[in-house]
Structures are given as C-alpha cells and as structure tokens.
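Listed below are the residues making up each chain.
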Amino acid sequence: MNLTLRGRWIRVVFTLAAAVLLVWGTLWGGDDDFPFGPFRMYASAPGSNEAAKDSRVEGVDVAGKVVPLTETNSGIRRAEIEGQQAAYVADPARLREVADAYAVRNPAAPALREVRLVIRWHGVKHSRPTGTWTDQVIADWVKS
C-alpha cells in the first residue's frame, strides 16, 4: 500500500519532532525527560578506590530481631525509599509508614519497634571488592 503525500508529510513531521526532542534531551535534558533525555542512573561509578553504596531498610521487632524490609514484606520498593532518601533523613518519623505497611502485610508477625535506613559502604580497591564494609544509619524511627 502506498502512502499519500499527506501521510508522508505527517511521518516526516513526527520524525523531525522526535529527532529535535532527542537532541534537546541529550544536550540539556535530565532523568525526568526520559526517553528523550539521558537516563543517568547507572551512567557513572565511584572511583576505583572509593566505597560502593548499598542502601537498605531494616526493622527491629519487639523481640529485638532485625527484619530486612523488602517490597515483598512491606509493599514498598527500595527505589521508592532511595528516591526520597533526603526526605527520610530530614524527617525520620516518615519511616513509620514503612512499619505500618509491614504490619498490614504481616499481621501475624511481631510488631516493629524501630525502622532504620542504612547505607552499607562496601570497600573497594583497584575496582575490586575488598570484602570489608561499614554500615551507616542515616535515618532512624523508634516507636514511642
């Protein structure tokens, strides 16, 4: 089937518009402009001797047991927490929402008395893991 002249022009206009958006996004865009802007989430890495960051959320139940809080047991993805990390650091009381979500999904489990946002810094030397790490609690909510 042959395209009409009007159909060809419509395709040319849309192709040029997409090309302009791609060039604009590449030169001046950011992550929020994806797919027309660069997606930089994994585009950079720490130096060859700099520690690698690994964030996690963990709870402590009333018996003192540390419980990893995951999407499966809380319904909240780690990326959602990482995306709002600064807000959790500024207001750790927001971590109560994670405890509440955990309680809803795990009604038979002991209640959480604490939820904390932890960064594990993995040691790296010459771009290889050293097997060492240090944990840094950056936000901590304790049930009152």
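Structural data are supplied above this passage.
Residues numbered from 1 in each chain as written. Predicted model: local features only at pLDDT ≥ 70, side-chain atom pairs only at ≥ 80, totals over all residues. Heavy atoms only, no water.

Undergrad: Whenever I open this one, the overall build of the chain confuses me. Can you help?
TA: In terms of helices and strands, the chain carries five helices and four strands. Walking the chain from its N terminus toward its C terminus, one meets helices and strands in the order α-β-β-α-α-α-α-β-β. Here the C-alpha radius of gyration of the chain, 23 Å, is well above what a compact globule of 144 residues would show, namely 15 Å. The principal-axis extents of the C-alpha atoms in the chain amount to approximately 75 × 45 × 30 Å. Expressed as a percentage of its 144 residues, the buried residues of the chain come to 25%. (Helix = DSSP H or I, 4+ residues; strand = E, 2+ residues; numbered from the N terminus. Rg over C-alpha atoms; globule rule 2.2 N^0.38 Å. Buried < 20%, exposed > 50% of the residue type's maximum accessible area, 1.4 Å probe, protein only.)

Undergrad: What am I meant to see in the pattern of salt bridges here?
TA: Where charged atoms from two side chains of opposite charge come close, those side chains can pair. Following the criterion strictly, the structure yields 10 salt bridges and no others. Ionic pairing is found between Glu 58 and Arg 56, a salt bridge with its closest N-O pair at 3.1 Å. Judged by its relative accessible area of 10%, Glu 58 falls in the buried class. Among the ionic contacts, a cluster of salt bridges with common partners joins Arg 56, Glu 58, Arg 113, Glu 114, Arg 116, Arg 120 and Asp 135. (Salt bridge = Lys/Arg side-chain N within 4 Å of Asp/Glu carboxyl O.)

Undergrad: Mind showing me how you'd approach the environment of Asp 54 here?
TA: As for its position among the elements, Asp 54 is in strand E1 (residues 52-61). Of the residues examined, Asp 54 reaches a relative accessible area of 30% and is grouped as partly exposed. In this structure, Asp 54 is in contact with Arg 78, Val 118, Ile 119, Arg 120 and His 122, ignoring residues within four places of it in sequence. A distance of 3.2 Å separates polar atoms of two side chains, one belonging to Asp 54 and the other to Arg 78. (Contact = heavy atoms within 4.5 Å. Polar contact = N/O pair within 3.5 Å; in protein donor to acceptor, adjacent residues only side chain to side chain.)

Undergrad: Honestly, the sheet that holds strand E3 (residues 112-125) in this entry has me stumped. Any pointers?
TA: Pairing between sheet strands relies on hydrogen bonds along the backbone, with the strands arranged either parallel or antiparallel. Here we have four strands laid out as an open sheet, ordered E2-E1-E3-E4, and antiparallel in their pairing. The strands lining the two open edges of the sheet, one partner per strand, are strand E2 (66-68) and strand E4 (128-142). In this sheet, neighbouring strand axes are inclined to one another by 35° on average, regardless of whether the strands run parallel or antiparallel. Examined bridge by bridge, E1 and E3 share 10 bridges and lie antiparallel to one another. Paired with Val 57 across the bridge in E3 is Leu 117. Helix H5 (residues 96-105) contacts E1, E2, E3 and E4 of the sheet and is inclined by roughly 110° relative to E3. (Pairing = 2+ DSSP bridges. Axes fitted to C-alpha atoms, helices over the stretch in contact; angles between N-to-C directions.)

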